[in-house]
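Coordinate analysis (summary)
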Amino acid sequence: MSEAQATGHSREFYAVFRELQTRWMDNDIYGHVNNVNYYSYFDTAVNSYLIEQGVLDIHAGEVIGLVIETQCNYLQSLAFPELIEAGLRVAKLGNTSVRYEIALFKQGEDSPAAHGHFVHVFVHRDSRKPTPLPTDLRHVLSQLQML
């Protein structure tokens, strides 16, 4: 059993995958993707999935997700022009919030280059007060839960 399997971070532990392209500007002076970009990859993977599923309208939706917590463990370097496969799963689905767990894999690899999480609290766009997850959003998120 690999370390990634033992810790629950190999591919088999993620519900869906999103392909992300590293960009020239992602690399830093040391020749690898700078740490701040990993959070952008997390955000892009989750939000593009929700938009694609039709449950997040970033321009006109009444309910939006605000990130209130984030964390990342870096295991190996990524660099432009690599393709990244972002694995997504939902670890906790609450009344107004969700904790996503994301792993970033080099294309075709089983062990992640990085893994982490972030928490969205869903709020009313105008009041910014927490609001229960809409039924359609809850349904899509529940499909990302792994047993």
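Quantities reported herein were computed from a predicted structural model and do not represent experimental measurements.

Aromatic ring pairs: the centre-centre distance and the angle between the two ring planes describe each pair. Going through the model one piece at a time under the given rule, you end up with 7 aromatic pairs. Their ring planes at 80° and their centres at 6.1 Å tell us that tyrosine 14 and phenylalanine 105 sit as a pair that is edge-to-face. Highlighted residues: tyrosine 14 in the loop between α1 (3-6) and β1 (16-21) and phenylalanine 105 in strand β4 (residues 97-106), separated in sequence by 91 residues. Across the pair, exposure class does not vary: tyrosine 14 and phenylalanine 105 are buried alike. On the basis of an interplanar angle of 55° and a centroid distance of 6.0 Å, the ring pair of phenylalanine 17 and phenylalanine 105 is categorised as tilted. A residue pair is termed long-range when its members are at least 10 positions apart, and phenylalanine 17 in strand β1 and phenylalanine 105 in strand β4 qualify at 88 residues.

Turning next to the environment of alanine 114. You can see alanine 114 is positioned in strand β5 (residues 114-124). Classification of alanine 114 as buried rests on a relative accessible area of 0%. Taking the C-alpha atoms as reference points, alanine 114 and tyrosine 74, 40 residues apart in sequence, are found 4.5 Å from one another. Filtering out sequence-adjacent residues up to four positions away, alanine 114 remains in contact with Tyr38, Cys72, Asn73, Tyr74, Leu75, Ile102, Ala103 and Leu104.

So, on to helix α2 (residues 35-52). Spanning 18 residues, α2 covers 26 Å between terminal C-alpha atoms, matching the ideal 26 Å at 1.5 Å per step. Buried within α2 are the following residues: Asn37, Tyr38, Tyr41, Phe42, Ala45, Val46, Asn47, Tyr49 and Leu50. In this structure, the buried residues of α2 make contact with β1, β2 (63-74), β3 (83-93), β4, β5 and α3 (135-142). Of the residues one or two after α2, glycine 54 is the one with positive phi, at around 80°.

Successive residues of a regular strand alternate their side chains across the two faces of the sheet. Residues Val16, Arg18 and Leu20 line the buried face of β1, whereas the alternating positions Phe17, Glu19 and Gln21 sit on a face that is not buried. Direction of pairing for β1 relative to β3: antiparallel, over a ladder of 6 bridges. Within the sheet, the bridge partner assigned to glutamate 19 lies in β3 and is glutamate 85.

This brings us to the environment of histidine 139. Tracing the backbone shows histidine 139 in helix α3. It is 9.4 Å that separates the C-alpha atoms of histidine 139 and valine 55, two residues lying 84 residues apart in sequence. At a separation of 3.1 Å, a polar atom in the side chain of histidine 139 contacts the side chain of glutamine 143.

Time to look at the sheet that holds β1. Ordered by their spatial adjacency, 5 strands build an open sheet running β1-β3-β4-β5-β2, and the pairing between neighbours is antiparallel. Bordering the open sheet on either side are β1 and β2, each of which pairs with just one other strand. Direction aside, the axes of adjacent strands within the sheet are offset by 30° on average. Pairing analysis gives 9 bridges linking β3 to β4, with the strands arranged antiparallel. Directly across from lysine 92, in β4, lies its bridge partner arginine 99. On the sheet, α2 packs against β1, β2, β3, β4 and β5 and is oriented at approximately 140° with respect to β2. Where α3 meets the sheet, it contacts β3, β4 and β5, and its direction lies at approximately 115° from that of β3.

Basis of the calculations
- Residues numbered from 1 in each chain as written.
- Predicted model: local features only at pLDDT ≥ 70, side-chain atom pairs only at ≥ 80, totals over all residues.
- Heavy atoms only, no water.
- Phe/Tyr/Trp six-rings, centres within 6.5 Å; stacked < 30°, edge-to-face > 60°.
- Helix = DSSP H or I, 4+ residues; strand = E, 2+ residues; numbered from the N terminus.
- Buried < 20%, exposed > 50% of the residue type's maximum accessible area, 1.4 Å probe, protein only.
- Contact = heavy atoms within 4.5 Å.
- Expected span 1.5 Å × (residues − 1).
- Pairing = 2+ DSSP bridges.
- Polar contact = N/O pair within 3.5 Å; in protein donor to acceptor, adjacent residues only side chain to side chain.
- Axes fitted to C-alpha atoms, helices over the stretch in contact; angles between N-to-C directions.

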